[in-house]
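An overview of the molecular structure
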Amino acid sequence: MKPVSELLKRHDSSAWRTSPGTTVFDALATLAHFEVGALMVMEGDRLVGFLSERDYTRKVALQGKNSRRSRSRKS
C-alpha cells in the first residue's frame, strides 16, 4: 500500500475531497464515482478529517442512521 503523499503526487487530489457539510450519501457517490475508499474532509485548504467506507459502515449503516441526512463531520 502506498502512502497518501505518494498518491497525491500522481493524481489530481481535488476529486478526493469533501466538506464537513456534505451529506454522507453524496460523499458515498463521490467514492463510487472515483473508485476510491476514502475522502479527505477539507475546510478550504485545511484538512480536518477523513471519511472512509469503514466510517460509513460503522458510524452510519450499523447505527441505523440515514446517509441522506447525516453530514461529513470533522473526525
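A brief look at the structure comes next. Not measured: the values here are computed from a predicted model.

On to the side chain of S70, then. Checked against the element boundaries, S70 lands in the segment after helix 3 (53-61). In contact with S70, not counting residues within four places along its chain, are T22, T23, V24 and K65.

Attention shifts here to the pattern of salt bridges. Inspection of the entire model under this criterion finds two salt bridges. When the shortest N-O distance is used, the salt bridge between R46 and E43 registers 2.8 Å. Overall, the relative accessible area of 48% leaves R46 in the partly exposed class. Using a relative accessible area of 32% as the deciding quantity, one classes E43 as partly exposed.

Criteria and cut-off values
- Residues numbered from 1 in each chain as written.
- Predicted model: local features only at pLDDT ≥ 70, side-chain atom pairs only at ≥ 80, totals over all residues.
- Heavy atoms only, no water.
- Helix = DSSP H or I, 4+ residues; strand = E, 2+ residues; numbered from the N terminus.
- Contact = heavy atoms within 4.5 Å.
- Salt bridge = Lys/Arg side-chain N within 4 Å of Asp/Glu carboxyl O.
- Buried < 20%, exposed > 50% of the residue type's maximum accessible area, 1.4 Å probe, protein only.

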